[in-house]
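# Close look at the chain arrangement
Spelled out from the first residue to the last, the chains are:
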Amino acid sequence: MSPTAKYGPGDSIRGGIPICFPQFGPRGDLPQHGFCRKSNDWVLEERCSDTKAVYKLSATPDTRKSAWPNEFECYYSVSVGEDGSLTTALKVINTGQKPFSFTCALHTYFSVGSISGASVEGLKGCSYEDGLQPLGSDAITEENESIFFQNEVDRVYGPTPSLLTLSDKKNERAININKINFPDAVVWNPWVEKTKGLADMPDDHYQKFVCVEVGAIRQAVTVAPGAEWSGSQCISVMPLK
Ligand code: BG6
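Residues numbered from 1 in each chain as written. Predicted model: local features only at pLDDT ≥ 70, side-chain atom pairs only at ≥ 80, totals over all residues. Heavy atoms only, no water.

## A look at the layout of surface pockets
Put simply, the largest pocket is a space of about 530 Å³. As for the largest pocket, its lining consists of 29 residues, of which Phe24, Gly25, Pro26, Gln32 and Asp154 are closest to the centre. Class assignment for the residues of the lining of the largest pocket results in 11 nonpolar, 9 polar and 9 charged. Taken as a whole, the second largest pocket encloses approximately 430 Å³ of empty space. Contributing to the lining of the second largest pocket are 22 residues, with Ile13, Ile17, Pro18, Arg37 and Trp42 lying nearest its centre. (1 Å grid on protein atoms, 1.4 Å probe; cavity = no way out; pocket = protein on both sides within 12 Å on 5 of 7 lines; lining within 4 Å. Points joined across faces, edges and corners; volume = space filled by probe spheres on them. Nonpolar A, V, L, I, M, F, W, Y, C, P; charged D, E, K, R; others polar.)

Dropping the structure here:
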């Protein structure tokens, strides 16, 4: 969590796991990353136990007026496992009469002891779109076993294997991200200049986090009327080998 994150109505919180839905980034006519992350209309649908809760967002008059006017229900479940893992899952139901398409991501911010020496593993051989190039530029193949950070990194990889690892060298820990049904993954660190432009983050905070985001981005998901789609991630932490 950024120490200067904003929490007001209509703000997206700079930290945690913002939900990018029904649009990832600028890939559509909605504002960046879609309306879900800024919505005040989420409700606690069910508190299943002390370690699991489900939240719900459905179409509202505002979403019906937006560039994505579809009838939908979104369920976001958060649960903590006995082993200390964290599982978060997104389910989308088409409650309307027409098919709709969306892109999405669980935009997880991970704290690292230091960006220097931090790396992401599991993406060698994957194709990626470089967010620092214009949308639609040729995809690139990742050649590195480990992705280190020495400048801004903003990439949409996909499809990727289900297990990704963020090695937080300074804290001597490995953060495993196991994803189901999210084909893609984003790796993002804004580095020096981009961070200066983020009003809700101290200038040096890029040294303290990496975003590894699971998503369905490169190819939009289409859901038929009455049908549903879901995807999840399980995050666990272990000592770095
Ligand atoms: C990432 C994108 O998912 O989110 C980046 O790949 C973007 O391009 C970043 O800068 C943060 O977005 P925002 O809208 O929260 O500043």
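## Re a nonpolar patch on the surface
Taken together, the side chains of Met1, Tyr7 and Ile13 make up a nonpolar region of the molecular surface, amounting to roughly 330 Å² of accessible area. Structurally, Ile13 can be placed in the segment before strand S1 (19–20). On the basis of relative accessibility, which here comes to 35%, the residue Ile13 falls in the partly exposed class. (Patch = residues over 30% accessible without salt bridge, like charges linked within 9 Å, V, L, I, M, F, W, Y side chains within 5 Å. Areas by Shrake-Rupley, 256 points an atom, 1.4 Å probe, with all protein chains shown as cover. Salt bridge = Lys/Arg side-chain N within 4 Å of Asp/Glu carboxyl O. Helix = DSSP H or I, 4+ residues; strand = E, 2+ residues; numbered from the N terminus. Buried < 20%, exposed > 50% of the residue type's maximum accessible area, 1.4 Å probe, protein only.)

## Some details on the site of the ligand
Near the ligand, the surroundings consist of Arg14, Phe24, Gln32, His33, Arg37, His107, Asp154, Val186, Trp188 and Glu213. At 3.0 Å, a side-chain N or O of Arg14 approaches an oxygen atom of the ligand. Interatomic distance of 2.8 Å between a side-chain N/O atom of Arg37 and an oxygen atom of the ligand. Protein chains shield 83% of the accessible area of the ligand, which is 390 Å² for the free molecule. With respect to the detected pockets, the ligand is housed in the largest pocket. Counted by class, the shell around the ligand contains 3 nonpolar, 3 polar and 4 charged residues. (Near = heavy atom within 4 Å. Polar contact = N/O pair within 3.5 Å; in protein donor to acceptor, adjacent residues only side chain to side chain. Sits in = over half its atoms within 2 Å of the grid points.)

## Points about the nonpolar core
Buried together is how nonpolar side chains tend to be arranged in soluble globular proteins. Counting residues in each nonpolar core, the largest one holds 46 residues, and the members touching the most others are Phe21, Phe72, Leu90, Phe102, Val120 and Trp229. If you tally residues by element for this core, the top one is strand S16 (residues 209–223), at 6 residues. Non-local contacts of Phe102, meaning those with residues more than four positions away in its chain, are made with Phe21, Pro22, Trp68, Val92, Ala220, Val221, Val223 and Trp229. (Core = buried A, V, L, I, M, F, W, Y, C linked by side-chain atoms within 4.5 Å. Contact = heavy atoms within 4.5 Å.)

## Remarks on the pattern of salt bridges
Under the definition given, this model contains 12 salt bridges. Between Lys56 and Glu73 there is a salt bridge, and its shortest N-O distance comes to 3.8 Å. Within this pair, whereas Lys56 is found in strand S3 (residues 52–58), its partner Glu73 is found in strand S4 (residues 72–80), the two being separated by 17 residues in sequence. Assessed through its relative accessible area of 17%, Lys56 is described here as buried. We note a salt bridge from Arg218 to Glu129, for which the minimum N-O separation is 3.0 Å. One end of the pair, Arg218, is in strand S16; the other, Glu129, is in strand S9 (residues 127–130), with 89 residues separating them in the sequence. Assessed through its relative accessible area of 18%, Glu129 is described here as buried. The structure contains a network of salt bridges with shared partners spanning Arg27, Glu129 and Arg218.

## What about the pairing of S4?
By the bridge criterion, 7 bridges tie S3 to S4 in an arrangement that is antiparallel. Looking at the pairing, Ser58 lines up with Glu73 of S4. Sheet topology note: the S4/strand S5 (residues 86–94) ladder contains 9 bridges and is antiparallel. Bridging from a neighbouring strand, Glu73 pairs with Ile93 of S5. Hairpin geometry of S4 and S5 is characterised by an intervening segment of 5 residues between the two adjacent antiparallel strands and by a positive phi of about 90 degrees at Gly84. (Pairing = 2+ DSSP bridges.)

## Looking at the environment of Ala105
Within the element layout of this structure, Ala105 appears in strand S6 (residues 100–106). The class for Ala105 is buried, based on a relative accessible area of 0%. Ala105 has contacts with Pro18, Ile19, Cys20, Phe24, Val214, Gly215 and Ile217, leaving out every residue within four places of it along the chain.

## Observations regarding the sheet that holds strand S11 (residues 146–148)
The strand order S2-S3-S4-S5-S17-S14-S13-S8-S11 describes an open sheet built from 9 strands, whose pairing is antiparallel. Each having just a single partner strand, strand S2 (43–49) and S11 make up the two edges of the open sheet. Strand-to-strand twist of the sheet, defined as the mean angle between neighbouring strand axes without regard to direction, takes the value 20 degrees. (Axes fitted to C-alpha atoms, helices over the stretch in contact; angles between N-to-C directions.)

## Let's talk about unusual backbone geometry
Across the junction of Phe21 and Pro22, the peptide omega takes the value 0 degrees, indicating a cis bond. Relative to the assigned elements, Pro22 resides in the loop between S1 and S2. Omega for the peptide link from Gly158 to Pro159 comes to -5 degrees, which places this bond in the cis form. The phi angle at His33 is positive, at roughly 65 degrees, despite the residue not being glycine. Along the chain, His33 turns up in the loop between S1 and S2. Accessibility expressed as a relative area gives 6% for His33, which makes it buried. In this structure, Trp191 is a non-glycine residue whose phi angle is positive, near 60 degrees. Tracing the sequence through the fold places Trp191 in helix H2 (residues 191–196).

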